[in-house]
Amino acid sequence: MKQLSLTSINSKAPLEVSLTPSGTFSFGTEKNNYIVGFVEDQTILDEGVYQFFIENVDNTKNTLSTKVFQTIVAIIEEFFEANDSAMLYICDVSDGKQSARDRLFAMWFNSYEGKFNYTLSRVSIQIDGIDYYASLLISNLNPSYAEVLFAFNAFVSGFASKVE
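Quick summary incoming for the structure in this document. It should be emphasised that the depicted structure is a prediction, and the values quoted were computed from it without experimental measurement. (Residues numbered from 1 in each chain as written. Predicted model: local features only at pLDDT ≥ 70, side-chain atom pairs only at ≥ 80, totals over all residues. Heavy atoms only, no water.)

What follows is about unusual backbone geometry. In this model, D128 sits at a positive phi of 50 degrees, which is unusual for a non-glycine residue. When you line up the elements, D128 lands in the loop between β6 (118–127) and β7 (130–139). Judged by its relative accessible area of 77%, D128 is exposed. (Helix = DSSP H or I, 4+ residues; strand = E, 2+ residues; numbered from the N terminus. Buried < 20%, exposed > 50% of the residue type's maximum accessible area, 1.4 Å probe, protein only.)

Turning our eyes to something else, we now look at the packing of aromatic side chains. For the coordinates displayed, the defined rule picks out 10 aromatic pairs. Judged by centre distance (6.2 Å) and plane angle (55 degrees), the ring pair of F52 and Y89 falls under tilted. In this pair, F52 sits in strand β4 (residues 49–56) while Y89 sits in strand β5 (residues 86–90), placing the two residues 37 residues apart along the sequence. There is no split in this pair, since F52 and Y89 are both buried. Centre to centre, the rings of F80 and Y118 are 5.0 Å apart; their planes meet at 55 degrees, and the pair counts as tilted. Placement of the pair is F80 in helix α2 (residues 66–82) and Y118 in strand β6, with a sequence separation of 38 residues. You can call Y118 buried: its relative accessible area is 15%. An aromatic cluster is defined as three or more aromatic residues linked by ring pairs; in this entry it consists of F38, Y50, F52, F79, F80, Y89, F105, Y112 and Y118. (Phe/Tyr/Trp six-rings, centres within 6.5 Å; stacked < 30°, edge-to-face > 60°.)

This paragraph deals with the environment of S22. Summarising the element assignment, S22 is placed in the loop between β1 (18–19) and β2 (25–28). In the structure, S22 is positioned 15 residues away from G37 in sequence and 9.6 Å away in space, judged by C-alpha atoms. Among the polar contacts listed, one links the side chain of S22 to the side chain of T20, at a separation of 3.0 Å. Separated by 3.5 Å, the side chains of S22 and T24 make a polar contact. (Polar contact = N/O pair within 3.5 Å; in protein donor to acceptor, adjacent residues only side chain to side chain.)

Let us look at the side chain of T71. Mapped onto the elements of the fold, T71 is located in helix α2. Within the structure, T71 has its side chain in polar contact with the backbone nitrogen of L15 (distance 3.4 Å). Once residues lying within four places of it in the same chain are set aside, the contact partners of T71 are A13, P14, L15, V17 and F27. (Contact = heavy atoms within 4.5 Å.)

Buried residues dominate β5, accounting for 4 of its 5 residues. Where β4 lies against β5, 4 bridges are found, and the strand directions are parallel. Following the sheet pairing, Q51 is matched in β5 by L88. With 4 bridges joining them, β5 and β7 adopt antiparallel strand pairing. Bridge pairing in β7 links I90 to A134. (Pairing = 2+ DSSP bridges.)

One open sheet accounts for 7 strands, arranged β1-β2-β3-β4-β5-β7-β6; its pairing is mixed. Either end of the sheet is taken by a strand with one partner, and the two such strands are β1 and β6. Packed on one face of the sheet, helix α3 (residues 98–111) meets β4, β5, β6 and β7 and runs near 20 degrees to β7. (Axes fitted to C-alpha atoms, helices over the stretch in contact; angles between N-to-C directions.)

Once that is clear, we can look at the side chain of S139. With respect to the helices and strands, S139 occurs in strand β7. Residue class for S139 comes out buried when judged on its relative accessible area of 16%. One polar contact links the side chain of S139 to the main-chain amide nitrogen of L141, over a distance of 3.1 Å. Ignoring anything within four residues of it in the chain, the contact list for S139 reads F80, N117, Y118 and Y145.

The next subject is the environment of E55. Its place among the elements puts E55 in strand β4. Linking E55 and G23, residues 32 residues apart in sequence, is a C-alpha distance of 14 Å. Residue contacts for E55: discarding those within four places in its chain leaves N33, Y34 and I35.

Written as structure tokens, this is what we have:
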């Protein structure tokens, strides 16, 4: 993954974003501190796909402000500006709030003014009574667009058929 420009992110983000020593991004509000990052993921393809994560460091109730949304958007936009890659978002299931995370991510995407430049593919799979949610976000201009979408859908279909 190519390095993201912190200057570019901060020129668009309403909250000050910092780069951590581990290469993730951090920002905060009066009540919450967040870590945002990308990790190479080889689940659906050997390269070109990164898993995106958002962590509430304080593990306190989120303030779901417009500023948090706009700051995350600035980081994601910079990711796509710098890389011809796809982004996977897999909702954390550790606290049983994965459905809410999936709905929030979809709501953020649907309210994003640049959404028509991207394709969002969302899936949910139930395994042993637990619902798992994942989304693939890819630029419509990505040179590997068809290959990535095909690989994602094939993986999901194959995985779902094994569970049934």
